[in-house]
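In case you want the letters, here they are:
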Amino acid sequence: MDVATNLRQIQYNIEQACAKRNRNPEEITIIGVTKYVTIERTEEAIKAGITNLGENRLEGFLEKHAYIQDQASWHFIGTLQSRKVKDVVGKVDAIHSLDRISLAKEINKRAAEPVDCFVQVNVSGEDTKHGLNPDDTLSFIKQLEAFENVRVVGLMTMAPHSDDAQYLRGVFRRLASLRNTVKAEQLPYAPCNDLSMGMSNDYQLAVEEGATHIRVGSELVGS
Ligand SMILES: *Cc1c(COP(=O)(O)O)cnc(C)c1O
C-alpha cells in the first residue's frame, strides 16, 4: 500500500479516537518510524505529508538523516548508548529514550542548547523493556535539575505486544497519570506536557488515553 493511503487511514483512526474523548486531532504528532524501510520509502512518506520521523538505531538514523536532513523533524526512539550521544545531538529534535543519569550527563555535556527529552518508563515491568520503574520516575526527573541542557518534555513508554485492549489501556493510563504527577511539580526544566505512546498495534487506544506523540512504523510505511 502506498504511504499516502496508509496515512489517510491512520489519520481517520486518530480522528475517531479523538472524537471519543473530545480531543483535537491536531494535538497528536504522528512520528513515522522508518527503521524497517529504505530511503526511497522514507521520501515517499515525506511527500505524503509526514513531517516527523523516528529511528531507533544510530546507523539507520545517520543514513536517513544524511539524505532527508531538515525536511523532517527527527526523533531518536531507541536505546541510546552514552558514547553515541555526540553523533545525534544537534541532529535530533527529541530523544525519547532517556532512562539513566549517565545518559543525561552525556547529553548535557555534548549539547550546546537544551535538548527535548522524553523519559522512558517501563510501565509493564517486562524485563526485556528499557526504561525506569514507574515508582522511580519522579525522583529520577528531580535529579535532572543538575543538567541545564536536558529538558523533559514528556514521558515515553512501549507497551507489550498484546491484543488485550483493557490491559493496554491500563499501561497508557498509568503513564498518563505519572505525567500528571510530574507536571504538577511545575519543575522549570521539566514541563512534561507530552506522552509518547502508541505504535502500529495500539495507537488508537493510546490516543484515547492521551498520547500526544504516536510512533507508527509498519502500518504507515510497512515493514
Ligand atoms: C519500531 C518502533 C516503533 C514502531 O513500531 P511499529 O509497531 O512498526 O509501529 C515505535 N517505537 C519504538 C521505540 C520502536 O522501536
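Because the structure is a prediction, the values reported are computed rather than measured. (Residues numbered from 1 in each chain as written. Predicted model: local features only at pLDDT ≥ 70, side-chain atom pairs only at ≥ 80, totals over all residues. Heavy atoms only, no water.)

A word on the site of the ligand
Phase 1 of the analysis: The full set close to the ligand counts 13 residues, and Lys35, Ser200, Arg215, Gly217 and Ser218 are the nearest of them.
Phase 2 of the analysis: Contacts to the ligand include Tyr36, whose side-chain N or O atom sits 2.9 Å from an oxygen atom.
Phase 3 of the analysis: At a separation of 2.8 Å, a nitrogen atom of the ligand approaches a polar side-chain atom of Arg215.
Phase 4 of the analysis: When the free accessible area of the ligand is taken as 390 Å², the share hidden by the protein chains comes to 92%.
Phase 5 of the analysis: Of the residues contributing to the shell around the ligand, the split by class is seven nonpolar, four polar and two charged. (Near = heavy atom within 4 Å. Polar contact = N/O pair within 3.5 Å; in protein donor to acceptor, adjacent residues only side chain to side chain. Areas by Shrake-Rupley, 256 points an atom, 1.4 Å probe, with all protein chains shown as cover. Nonpolar A, V, L, I, M, F, W, Y, C, P; charged D, E, K, R; others polar.)

A short note on the UniProt feature "modified residue: N6-(pyridoxal phosphate)lysine" (unreviewed entry) in the chain
Phase 1 of the analysis: With numbering matched to this structure, UniProt assigns "modified residue: N6-(pyridoxal phosphate)lysine" (unreviewed entry) to Lys35.
Phase 2 of the analysis: One can find Lys35 in the loop between strand E1 (29-33) and helix H2 (39-48).
Phase 3 of the analysis: Leave out the neighbours within four places in its chain, and Lys35 touches Gly54, Glu55 and Asn56. (UniProt positions renumbered as here; feature names shortened; annotations may be inferred. Helix = DSSP H or I, 4+ residues; strand = E, 2+ residues; numbered from the N terminus. Contact = heavy atoms within 4.5 Å.)

Details of the packing of helix H1 (residues 3-20) against H2
Phase 1 of the analysis: Interhelical geometry of H1 versus H2 gives an angle of 55° and a closest axis separation of 9 Å. One element, H1, and the other, H2, form an angle in the oblique class. Crossing handedness for the pair H1 and H2: right-handed. Between H1 and H2, the contacting residues are Val3, Ala4, Asn6 and Leu7 on the first element and Arg41, Glu44, Ala45 and Ala48 on the second. (Axes fitted to C-alpha atoms, helices over the stretch in contact; angles between N-to-C directions. Parallel < 35°, antiparallel > 145°, perpendicular 65-115°, else oblique. Left-handed = near helix turned anticlockwise from the far one by under 90°.)

A word on the packing of aromatic side chains
Phase 1 of the analysis: For the coordinates displayed, the defined rule picks out two aromatic pairs.
Phase 2 of the analysis: Relative to Trp74, the ring of Phe61 has its centre 5.5 Å away and its plane inclined at 80°; by these criteria the two rings are edge-to-face. Of the two residues, Phe61 is situated in helix H3 (residues 58-68) and Trp74 in strand E3 (residues 73-76); the sequence distance between them amounts to 13 residues.
Phase 3 of the analysis: Ring centres of Phe61 and Phe76 lie 6.2 Å apart, and the angle between their planes is 85°; on these two criteria the pair is classed as edge-to-face. With Phe61 in helix H3 and Phe76 in strand E3, the pair connects residues that are 15 residues apart, well separated along the chain.
Phase 4 of the analysis: When its relative accessible area of 1% is taken as the criterion, Phe76 is described as buried.
Phase 5 of the analysis: Three or more aromatic residues link up through ring pairs in this structure, and these residues are Phe61, Trp74 and Phe76. (Phe/Tyr/Trp six-rings, centres within 6.5 Å; stacked < 30°, edge-to-face > 60°. Buried < 20%, exposed > 50% of the residue type's maximum accessible area, 1.4 Å probe, protein only.)

Considering the nonpolar core
Phase 1 of the analysis: Grouped together as the largest cluster of nonpolar side chains are 66 residues, with contacts concentrated most on Leu98, Ile141 and Leu144.
Phase 2 of the analysis: Per element, the largest residue contribution to this core is seven residues, and it comes from helix H7 (residues 165-184).
Phase 3 of the analysis: Apart from residues no more than four positions distant in its own chain, Leu144 is found in contact with Leu98, Ile101, Ala104, Val119, Val150, Val152 and Tyr189. (Core = buried A, V, L, I, M, F, W, Y, C linked by side-chain atoms within 4.5 Å.)

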